[in-house]
Amino acid sequence: MNALAVTGGRVLHPDGRVSEADVLIDADAGRIEAVSEDVTTGREIARTLDAEGGLVMPGLVNGHTHVSMTLLRGHADDKPLESWLREDIWPVEAELTDEDIEVGAELGVLEMIRSGTTAFADMYFSMDRVADVVDRAGVRARLGRGVVAVGKDEADARADLEGSLEFARTYDGAADGRIRTAFMPHSLTTVPEGLLAEGIESADEDDLWVHLHANETMGEVEPIVEDHGVRPLEYAADRGALGPDRFLAHGVHVDDTEIELLAETDTAVVHCPASNMKLASGIAPVQHLREAGVTVGIGTDGAASNNDLDLFGEMRDTAMVGKIGADDASAVPAAAVVEMATSDGADAIGLPGGRIETGAAADLIVVDLEAPHLTPAHDVVSHLAYAVRGSDVRHTVCDGTVLMRDREVTTLDAAAVMDRAAEHAADLVARAE
Ligand SMILES: N[C@@H](CCSC[C@H]1O[C@@H](n2cnc3c(=O)[nH]cnc32)[C@H](O)[C@@H]1O)C(=O)O
Ligand SMILES: [Zn+2]
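Residues numbered from 1 in each chain as written. Chains lettered and ligands numbered in written order. Predicted model: local features only at pLDDT ≥ 70, side-chain atom pairs only at ≥ 80, totals over all residues. Heavy atoms only, no water.

Visitor: Give a description of the sheet that holds strand β6 (residues 47–50) that names residues and reports values.
Guide: With mixed pairing, the four strands of this open sheet are ordered in space as β5-β4-β1-β6. Of all the strands in the sheet, the pair left with one neighbour each is β5 (31–36) and β6. Averaged over all adjacent pairs, the angle separating strand axes in this sheet is 20°, with direction ignored. Sheet topology note: the strand β1 (residues 3–7)/β6 ladder contains four bridges and is parallel. Bridge pairing in β6 places T7 opposite D50. (Pairing = 2+ DSSP bridges. Helix = DSSP H or I, 4+ residues; strand = E, 2+ residues; numbered from the N terminus. Axes fitted to C-alpha atoms, helices over the stretch in contact; angles between N-to-C directions.)

Spelled out as structure tokens, the structure:
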């Protein structure tokens, strides 16, 4: 066995307990072999990661993003979804080249590795380039090409749809299985009903997952109710968009019947609190969704509506806005938020990881707990939800491979990635003006 040992720290167990333990990893198999005190005794250990003064926990799962949008970080702020997309984002996205997308994905993945995210779900264009970055950087991802029909003629919209299915078929299982895919219609209002139903039927024939934005703003809910006389998620269910191998981003404006429908169909929701606050979309009923038995993950959404990809910030936002939304300070407690960012997130997007236990995927991080803002440590789980920042992550491991050691990313050249991204972003915005 090519043994990697994470030693000297405390471990966050799947039941939320924290205890002193080492973690033994089979680096070739990408699997956790043992979680116990002193895993090194009597064993030949090829490499060690020092977790002294730190917490070993599952790598975080960013359940919904558009990773290459890092190039648009800070480009257009302070607007609601519809006008933000149409007036600011889509015109710039029309100028994106394949290389821009690759460079933006490198920047986003670099940021995620440095803030403890080991898996993410991504919807964007030129996804072969994003897949290449995921492969090189060593993270795990569920990737899909977004389908948008608005502003396109029938032939172009159909080509977009075929492209999404084709990408999903071709790349599922790539990067030694670290890449999984999905058919990704953008939303219920940007893809017409015929195309939506047809695309989902084709996806089902090939056992592909499905991911879309749903019930993000009232502006998306109202036209569906007006045109079809049903709530958006009833409309979605009738077109095959709900089920255990599907997940929705946002789910902000969902009523009781829709929450029931999500639970019955075992459809997961990825909550994106920062994006929902920044675009003033509304407050998702996270406590209510969880109580109804819906699997809820957490996502940053794109960097243009966040504006970072730090899932620790997102955990804090999830707890805070969850309480305001429920008008109850005991709603969405720290432990729930940690679950949503780890095991529930992994389940929501259907990737391995999210648990530190024997037999689980070796996707884990070490969080440094020795810092003023983390002192005293009455309750480590509380710190994870409320006080830890992405910059407190010391090491990041995915699929048994060390992606960051002592804050040094090993799979990407951080300085070069940042330079290239800044240059491409400036050119991109200049072209669009
Ligand atoms: N093939 C499609 C690409 C769609 S990718 C996904 C899209 O989602 C957009 N997006 C980013 N954040 C959000 C959000 O919060 N809600 C809805 N769409 C978003 C993003 O800008 C991108 O255009 C096309 O030809 O247009
Ligand atoms: Zn989105």
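There's more to say after this.
Visitor: How would you sum up empty space enclosed by the protein? Please name residues and give values.
Guide: Over the atoms rolls a probe the size of a water molecule, and in doing so it shows where empty space is left. Going through the model one piece at a time under the given rule, you end up with one cavity of 30 Å³ or more. The calculated volume of the largest cavity comes to roughly 50 Å³. As for the largest cavity, its lining consists of S187, L188, T189, H213, A214, N215, E220, V221, I224 and P232. Counting residues per element, the ones that place at least two in the lining of the largest cavity are β12 (209–214) and α6 (218–228). (1 Å grid on protein atoms, 1.4 Å probe; cavity = no way out; pocket = protein on both sides within 12 Å on 5 of 7 lines; lining within 4 Å. Points joined across faces, edges and corners; volume = space filled by probe spheres on them.)

Visitor: Help me get a handle on the site of ligand 1, residues and values and all.
Guide: In the vicinity of ligand 1 there are 21 residues, among which E93, G146, K152, E216 and D301 approach most closely. In the environment of ligand 1, a nitrogen atom lies 2.4 Å from a nitrogen or oxygen atom belonging to the backbone of G146. Isolated, ligand 1 exposes 560 Å² of accessible area, and the fraction of that covered by the protein chains is 94%. Looking at which element gives the most residues to the shell around ligand 1, the answer is helix α1 (residues 81–93), with six residues. Across the shell around ligand 1, the residue classes tally to 10 nonpolar, six polar and five charged. (Near = heavy atom within 4 Å. Polar contact = N/O pair within 3.5 Å; in protein donor to acceptor, adjacent residues only side chain to side chain. Areas by Shrake-Rupley, 256 points an atom, 1.4 Å probe, with all protein chains shown as cover. Nonpolar A, V, L, I, M, F, W, Y, C, P; charged D, E, K, R; others polar.)

Visitor: How would you explain the pairing of strand β18 (residues 401–405) if you had to name every residue and give the values?
Guide: Where strand β17 (residues 393–398) lies against β18, three bridges are found, and the strand directions are antiparallel. Along β18, the bridge assignment pairs T396 with M404. Once β17 ends, the chain turns through two residues before running back antiparallel as β18, passing D399 with a positive phi of about 55°. Taken together, the two bridges between β18 and strand β19 (residues 408–409) define a ladder with antiparallel strand orientation. Counted as the bridge partner of R405 is E408 from β19. Taking the residues between adjacent antiparallel strands as the criterion, β18 and β19 are bridged by two residues, where D406 takes a positive phi near 50°.

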